[in-house]
Structures are given as structure tokens and as C-alpha cells.
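Coordinate analysis (summary)
This is what each chain is made of:
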Amino acid sequence: MNSEREPTILESFQQAGMGRRTFLKFCAATASLLVLPAARAAEMAERLANMPRPTVIYLSFQECTGCLESLTRSFQPTLESLIFNTISLSYNDTLQAAAGEAAEAAREDAMRKAWGKYVLIVDGSIPRAEDGVYCVIAGKSALGSLSHAAEGAAAIIAIGTCAAFGGIPYAAPNPTGAASVQDLVGNRPVINLSGCPPIPEVITGTITYFLSFGVPDLDAYKRPVMFYGTSIHDRCYRRPFYDKGLFAKSFDDEGARNGWCLYELGCKGPVTYNGCATMKWNDGTSFPIESGHGCLGCSEPNFWDGGGFYQPLSAATGHWPKAEVLGAAAVLGSVAGIGTAVVARSRQRKLEAADSSKQQPGERSS
Ligand code: SF4
Ligand code: SF4
Ligand code: F3S
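None of these values were measured; they are calculated from a predicted model. Residue indices follow the written sequence of each chain, beginning from 1 at its first position. Each chain gets a letter, beginning with A, and each ligand a number, beginning with 1, in the order they are written. With pLDDT at 70 or above as the cut-off, local features in this predicted model cover only qualifying residues; side-chain atom pairs require 80 or more to be listed or tallied, and sums for whole chains, interfaces and linings still use all residues. Values shown for side chains rest on all heavy atoms present in the structure; no hydrogens or waters enter the calculation.

1. Some points on the packing of helix H3 (residues 38–49) against helix H11 (residues 200–213)
It is the contact of H3 with H11, at a shortest axis distance of 9 Å, that shows an interaxial angle of 80°. On the basis of their axis angle, the class for H3 and H11 is roughly perpendicular. Counted together, Arg40, Glu43, Met44, Arg47 and Leu48 of H3 and Thr208, Tyr209, Leu211, Ser212 and Phe213 of H11 form the full contact between these two elements. Each residue is assigned to one class: nonpolar for Ala, Val, Leu, Ile, Met, Phe, Trp, Tyr, Cys and Pro, charged for Asp, Glu, Lys and Arg, and polar for all the others, Gly among them. Of the residues assigned to the contact of H3 with H11, the class counts are 5 nonpolar, 2 polar and 3 charged. Between the N-to-C directions of two axes lies an angle of 0 to 180 degrees, each axis being a line fitted to C-alpha atoms and, for a helix, fitted only over the stretch in contact. Per the convention used, a helix needs a DSSP run of H or I reaching at least four residues, while a strand needs a run of E reaching at least two, with both numbered from the N terminus. In what follows, roughly perpendicular refers to angles from 65 to 115 degrees, roughly parallel to angles under 35, roughly antiparallel to angles over 145, and oblique to any angle outside these ranges. Whether two residues are in contact is decided by their heavy atoms: any pair within 4.5 Å suffices.

2. Some remarks on a nonpolar patch on the surface
Exposure above 30% relative accessible area and no salt bridge define the residues that can form patches, which grow by joining like charges within 9 Å and nonpolar side chains of Val, Leu, Ile, Met, Phe, Trp and Tyr within 5 Å. Throughout, the Shrake-Rupley method with a 1.4 Å probe supplies accessible areas, and for residues the shown protein chains are the sole cover considered. Salt bridges are defined as contacts in which a side-chain nitrogen from Lys or Arg sits within 4 Å of a carboxyl oxygen from Asp or Glu. Together, Val133, Tyr134 and Val136 make up an exposed nonpolar region whose accessible area comes to about 280 Å². Within the secondary structure, Val133 is located in the loop between strand S4 (126–127) and strand S5 (136–137).

3. Structural notes on the site of ligand 1
Throughout this document, a residue counts as near a molecule or strand when at least one of its heavy atoms sits within 4 Å of that molecule or strand. Neighbouring ligand 1 are the residues Glu63, Cys64, Gly66, Cys67, Gly160, Thr161, Cys162, Ile168, Gly195, Cys196 and Pro197. Broken down by class, the residue content of the shell around ligand 1 amounts to 6 nonpolar, 4 polar and 1 charged.

4. Quick look at the site of ligand 3
In the vicinity of ligand 3, the residues found are Thr272, Asn274, Cys276, Trp281, Pro288, Cys295, Leu296, Gly297 and Cys298. Looking at the shell around ligand 3 residue by residue, the classes come out as 6 nonpolar, 3 polar and no charged.

5. What to know about unusual backbone geometry
The omega angle of the peptide bond from Ala172 to Pro173 is 5°, so this bond is cis rather than trans. Inspection of the secondary structure puts Pro173 in the loop between helix H9 (167–170) and strand S8 (178–179). Cis geometry marks the peptide bond from Cys196 to Pro197; its omega dihedral reads 0°.

6. Topic: the environment of Gln311
Relative to the assigned elements, Gln311 resides in the loop between helix H16 (276–279) and helix H17 (326–332). Residues Gln311 and Lys268, 43 residues apart in the sequence, show an inter-C-alpha distance of 9.3 Å. The contact partners of Gln311, leaving out residues within four places of it in the chain, are Gly266 and Lys268.

Nothing here speaks to function; it is all geometry.
Take a look at the structure:
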């Protein structure tokens, strides 16, 4: 191997004592996460095998470190596999050993060497008020650091709802003038991985996909369709209860104990797009709804200001039709997947009205 050049990703695996077989297993598992067809999976393995490890610069601004905490819990690919074998993580102020001027100099050097080619990852929002004084690192405002780093980036991956949409710092009255990455960067591709925090495998899977094929198909909010293409509600295991009109009325009633739908307790699953219901968290162990709490809608813009966490969706939120307009809403189908459910609920109500003596605890009253 020519010592002047960066090792390829396959060579990095081999240098770490893992053979080609381990590399191919890594590729196969990642392709499975990304639901790639066999030919595309083989293409991904071929491309990654011959690619030098790309430089990644990870900047954190107004954030709580929850997004990075989430990333450290990725099971496929694992964070170790990603940063030791697949990418060259040149700057992350939490994970790196270096500190102070040495760390800042290393970042500048890495950016200069890979100018125009590195991947920029950002978590946290960017404060604009008072010339960005609310977030200053090494004497530079977040605003200045982002603008500079974005100039040399091949693409920017905004991790978490703070970076993607402003998140909690953006919530009213937004005292720091927080903004999202896409609000500030207009001349580079931006991929938003929303969620508070995002699912770890969504982060590692998107990075690996980008390295292999470039920017994936994105939805209107610049989120990869492969992870954000369906609502929580469409894949929720409690959906059969919703369709039958069986709702928990409180967190400790019989309906809750029976695992009924959490819609009336404020679940925002019908208007939230994320992979939680199928990918889940902690290696597929669980997700908020499986733990007995409704979805808060954390992967959507304005989730903090968008309505009470424990208020059912309704016409007042702009998301859900009132009972008297159910028929019209079903025809319009304004929110994907809701129309059929509305019809089912309407039918259920008629059945309940016809036989109210059989009403069960927690069931919607007619
Ligand atoms: Fe923290 Fe949530 Fe913002 Fe991530 S998106 S930095 S977890 S507040
Ligand atoms: Fe699941 Fe919530 Fe939809 Fe009920 S409203 S089926 S708990 S996503
Ligand atoms: Fe967030 Fe809802 Fe998933 S609150 S973690 S999008 S279930």
C-alpha cells in the first residue's frame, strides 16, 4: 500500500485486524438497514471497499448532547465501526481527545486538506441574536463557524430537530434567535435527520448511504424518505385498537393496561414521520409508544410549540378533523393514512351508539 495516501475503507478494516469477510458483513447489515436490493448492496460494498475514508467534521452548537448520546448507541453500524473504519472523524468536541488550540488547529488542517470534499455534521441550532454571542466556541460564534465550515463541505447532515428545524432553542420566545442549518446554508446540500434525538441507526445509515451513493431521496423537509417516508401511526402496533375505536383515557386505566391506542392521551403519531415504530431504539428494544407514552412528534418542525403534548390532535391544531367533518376529511385525505382510519372510527361510533350498553372502559363515547 502506498503510505502517502489514505487507506481505503476496506484497508481500514484490514488494518484493524478484520478481514474482507467482516467488511462484507458490515456492508450486508447496513444494506439490510437501508432496505437496499441485492444489486445495490453489492454496489455499495464495491464503492466503500475502494474509497478512502472520508473526512467528517462534526460541529455542535445550541444542543444538549442528546443527539451524540443517541449516536453512541447505534448497533448497526456501531459508532466504533463507523469512526474507526469507515470515516475519518477529524473534529468532534465531545469525542476527541485533543482540546483547546490544538483541537481547533487540527480541525482547520483537516478542512483545508479535504476542502470541498468533507462531510459536515451539525447538531444543535445556531443563535443569531446579538451577533451570535449566545454560542461562541474558541472565540468564534456558531454562526461564523457554520458559515466557514459549510463553504468547504460536500454536504451537510443536520442531526436532530435542533439542527434540522431549530428544535427546543427555537421555541417561543426564542430568546437567542435560534435558527436551523437550512435557514442559514443555502448553497450546499443539506440532509435533515430530525428527532429529539434521531434514531442512532438513522444517523449511521444515512452517513453510510451518502458515502456510497450521495444524497438520498428526501421529503419536503429534506429528510431521507427511506427513514421518514411513513408516519408512526401507519406502522404502530397499537393501530388495530385505533381502528376499532379502543382508546386509553388515562395512563393507568384499563385501556392503558390493555395496550389500547394513545390517541386521546395526545399521541402525535398520525402526523409524525419517523422510523420509530419499526426500527425502535436500543437495538430494536422499544420506542415511546411501546413504553406507554404517546408520540410527542419530536421529528416534526415546531414540535415544542405545536400544541399540548397531552392534548389530542384536533381541528384546533390544524391536523385533525372534528367529528362533524369526518366524512369530508376522509374524502380529502389531508394527512397520509388518516382517511381510512377516520372512516373506521366513524363506523365504530355508529356501532357504539347502537349498543352503548356494551361500551368498554377507555372506549371513545359516541
Ligand atoms: Fe438535544 Fe433534542 Fe436538540 Fe438533539 S434535537 S440536541 S436531543 S434537544
Ligand atoms: Fe399508535 Fe398513536 Fe396512532 Fe394510536 S394514535 S395507533 S398510539 S401512533
Ligand atoms: Fe419522537 Fe415520536 Fe419517535 S416522540 S422518538 S418521533 S415515537
